[in-house]
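Survey of secondary and tertiary structure
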Amino acid sequence: MDADQLEECTTNNMEGALKPMDSEQLREYGHKMVDFIADYYKNIESFPVLSQVQPGYLRELLPDVAPSHPESLQSVLDDVKDKIFPGVTHWQSPSYFAYFPSNSSVAGFLGEMLSAGVNIVGFSWIASPAATELETIVLDWLGKALQLPNQFLSTGGGGGVIQGTASEAVLVVLIAARDKVLKSFGKDAIGRLVAYSSDQTHSSLLKACKIAGIYEENCRVLETNSLTDYSLSPQTLSDAISRDIASGLIPFFLCATVGTTSSASVDPLRELAMVAKANQIWLHVDAAYAGSACICPEFSHCLHGIEEADSFNMNAHKWFLTNFDCSALWVKDKGALIQSLSTNPEYLKNKASQENTVVDYKDWQIPLGRRFRSLKLFMVLRLYGLENLRKYIRNHIELANIFENLVKQDPRFELVVPRKFSLVCFRLRSPVDGDDHLANKLNRSLLDAVNSTGTLFISHTVLSNKFVLRFAVGAPLTEERHVVAAWETIQGKASELSKLLS
């Protein structure tokens, strides 16, 4: 091949190659991708829910270096199907009952697609005014649906912001609370600051304390027990605070939870708020999981006392049909957040920001850049509406109730705590009365046996030294038949374990 032929061949190849951006290529490839994803959901029940691969499996299947020349979309999708999917744990499977749900939906997907399509980086109002203003509006909508006090809304002096996760939410409010206290006591007092939580509080609080410079020995993890269904006792909190004050320490932060990770317990917000207020402690309420249920009137009582809290967080990406990530945080005192997190370099200065007439969400979060995440929530709220979202949540709670009743009917099993929301905590009883060590061993084996089938995925926790199985209903495609089939698998594996012991 001579030089002219080589140049012509190269030109022809470039003409057919994927361009950085082209509306017609996007239309063509986009349709293929939507079809691929739709087929994935159509066939999702054919995949093992929990990936069955071994660590390092993928390195053996993919090349050591990136390709030098373009490959076809079809060949890439074939690799996704044949090589990537075997290593995926399918969180959207109707038989996914582990951890807590991470919802995907048609509306959420469309919002994600639109966000990716316009692809703005909305760190300040001027960077994309609609991104900032829509976020303010939809978080006011959601705040009103949750019946949050006006102080948490943009019209009441506070406001909402979308964080990536509840871990980011607790970190930013912890930093705000820290700085607020240090203004009074001086920066050198950081070694005396004390944060409070229960032993059921999410581990993200302890990580936030590490990042914020709160001494590990000053993180009070207060014990709970079955007498209060593992909720935090106000008296226990009050006693701990009194001891710390007597020791010359400075209580400054309390994290209460509505729907704990282990058992979905609900801390008594009103009583805890009274203790926090009396001691000038910032009260943060983590409702990452159960906050979604609080749009239903029958669960609004779980937020009684929220008017005394300083911040509130729920994950729309857990149980609110909004694709990950979308963690909604509301604060009463936005000034405290902004003072702690604001930066104002010359290259970001602009008239609107300087005149203080707009919100710049870069000052409400850790990173500078931020995605147009409010589009997802906007789509979900508009395309489903609050009443259908309430029906969706109630359906999962009813399915969990069905599973709870199935557990009750089998004398080999016990409920460890009463079902709350859509989480059932249960376990296989020991064949030897009072032998918790044997019961724990049996339930570990049962968990592994059930998950190794690939037909469902459940997770575990430990409550009062008891190894407990968790069954969390919340995947969008889950129906009663999936719950019944999961229970039959659990029963079958329990029978196999019993035979091995006999």
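Throughout what follows, the structure given in this document is the object of discussion. By convention here, each chain's residues receive numbers from 1 onward along its written sequence. Selection of residues for local features in this predicted model requires a pLDDT of at least 70, selection of side-chain atom pairs for listing and counting requires 80 or more, and totals for whole chains, interfaces and linings are taken over all residues. In computing side-chain values, all of the structure's heavy atoms are included and hydrogens and water are not.

Some details on the environment of Arg 270
Spelled out, the test is: Secondary structure follows DSSP: runs of H or I at least 4 residues long count as helices, runs of E at least 2 residues long count as strands, and numbering of each begins at the N terminus. Between two residues, a contact is recorded if the distance between any of their heavy atoms is within 4.5 Å.
Positionally, Arg 270 belongs in helix H9 (residues 269–278). Those residues in contact with Arg 270, other than ones at most four positions away along the chain, are His 304, Gly 305 and Glu 307.

Looking at the side chain of Asn 323
If you trace the backbone, Asn 323 turns up in the loop between helix H10 (316–319) and strand S7 (327–331). Once residues within four sequence positions are removed from consideration, Asn 323 is found in contact with Asn 103, Ser 104, Ser 105, Gly 108, Phe 109, Glu 112, His 317 and Lys 376.

Quick look at the sheet that holds strand S11 (residues 466–472)
Think of a sheet as strands paired side by side through backbone hydrogen bonds, with each pair either parallel or antiparallel. To be explicit about the condition: At least two DSSP bridges between two strands are required for those strands to pair. Think of each axis as a best-fit line through the C-alpha atoms, taken over the contacting stretch in the case of a helix, with angles from 0 to 180 degrees between the N-to-C directions.
Ordered in space as S8-S9-S11-S10, the four strands form an open sheet in which the pairing is antiparallel. Looking at which strands have only one partner, the edges of the open sheet turn out to be strand S8 (413–415) and strand S10 (459–463). Across the sheet, the axes of successive neighbouring strands diverge by a mean angle of 40 degrees, strand direction being ignored. Examined bridge by bridge, S10 and S11 share five bridges and lie antiparallel to one another. Its bridge partner being in S11, Ser 459 is matched across the sheet by Arg 470. Strands S8, strand S9 (423–428), S10 and S11 of the sheet are contacted by helix H14 (residues 436–452), whose axis makes an angle of about 35 degrees with S11.

Looking at the packing of helix H6 (residues 166–185) against helix H7 (residues 204–212)
This is how it is decided: In this scheme, roughly parallel covers angles under 35 degrees and roughly antiparallel covers those over 145, while 65 to 115 is roughly perpendicular and the rest are oblique. Two helices that cross are described as forming a left-handed crossing if the nearer one is turned anticlockwise from the farther one by less than a right angle, and a right-handed crossing if clockwise.
Orientation of H6 relative to H7, taken along the N-to-C sense of each, is 45 degrees, at an axis distance of 9 Å. As the angle between them shows, H6 and H7 are arranged oblique. Considering the relative orientation of H6 and H7, their crossing is right-handed. Of H7, the residues touching H6 (which contributes Ser 167, Val 170, Leu 171, Leu 174, Ile 175 and Arg 178) are Ser 204, Leu 205, Ala 208, Cys 209, Ile 211 and Ala 212.

Looking at the pairing of S10
We apply this condition: Accessible area is worked out with a 1.4 Å probe on protein chains only. A residue is then buried under 20% of its type maximum, exposed over 50%, and partly exposed in between.
Covered by surrounding structure in S10 are Ser 459, Thr 461 and Leu 463 only, the residues His 460 and Val 462 on the alternate face being uncovered. Connecting the antiparallel pair S10 and S11 is a turn made up of two residues, with Ser 464 showing a positive phi of about 50 degrees.

Topic: unusual backbone geometry
Cis peptide bonds are those with omega within 30 degrees of zero, and the linkage from Phe 324 to Asp 325 qualifies with 10 degrees. You can see Asp 325 is positioned in the loop between H10 and S7. The backbone of Asn 119 shows a phi angle near 50 degrees, a positive value even though the residue is not glycine. In this structure, Gln 280 takes a positive phi of about 55 degrees despite not being glycine. Here Gln 280 lies in the loop between H9 and strand S5 (282–286).

Considering the nonpolar core
Note the following rule: By convention a nonpolar core is built from buried Ala, Val, Leu, Ile, Met, Phe, Trp, Tyr and Cys residues, the set being connected through side-chain atoms within 4.5 Å.
With 71 residues, the main nonpolar core has Phe 312 and Trp 330 as its most contacted residues. Counting residues per element, this core draws most heavily on helix H13 (residues 374–408), at eight residues. Filtering out sequence-adjacent residues up to four positions away, Phe 312 remains in contact with Leu 146, Leu 148, Phe 152, His 284, Val 285, Ala 287, Leu 303, Ile 306, Ala 328, Leu 329 and Trp 330. With 33 residues, the next largest nonpolar core counts Val 161, Leu 171, Leu 174 and Ala 336 among its residues.

Concerning the environment of Gly 248
Tracing the backbone through its elements, the reader meets Gly 248 in the loop between helix H8 (234–246) and strand S4 (250–257). By relative accessible area, Gly 248 is classed as partly exposed at 34%.

Some details on H6
For clarity, the threshold we go by: Residue count minus one, scaled by 1.5 Å, sets the expected span of a helix.
Counted at 1.5 Å a residue, the expected span for H6 with its 20 residues is 28 Å, and the 28 Å between its end C-alpha atoms agrees. Just past H6, the residue Gly 186 takes up positive phi, approximately 90 degrees.

Limitation: the analysis is restricted to geometry and does not speak to function.
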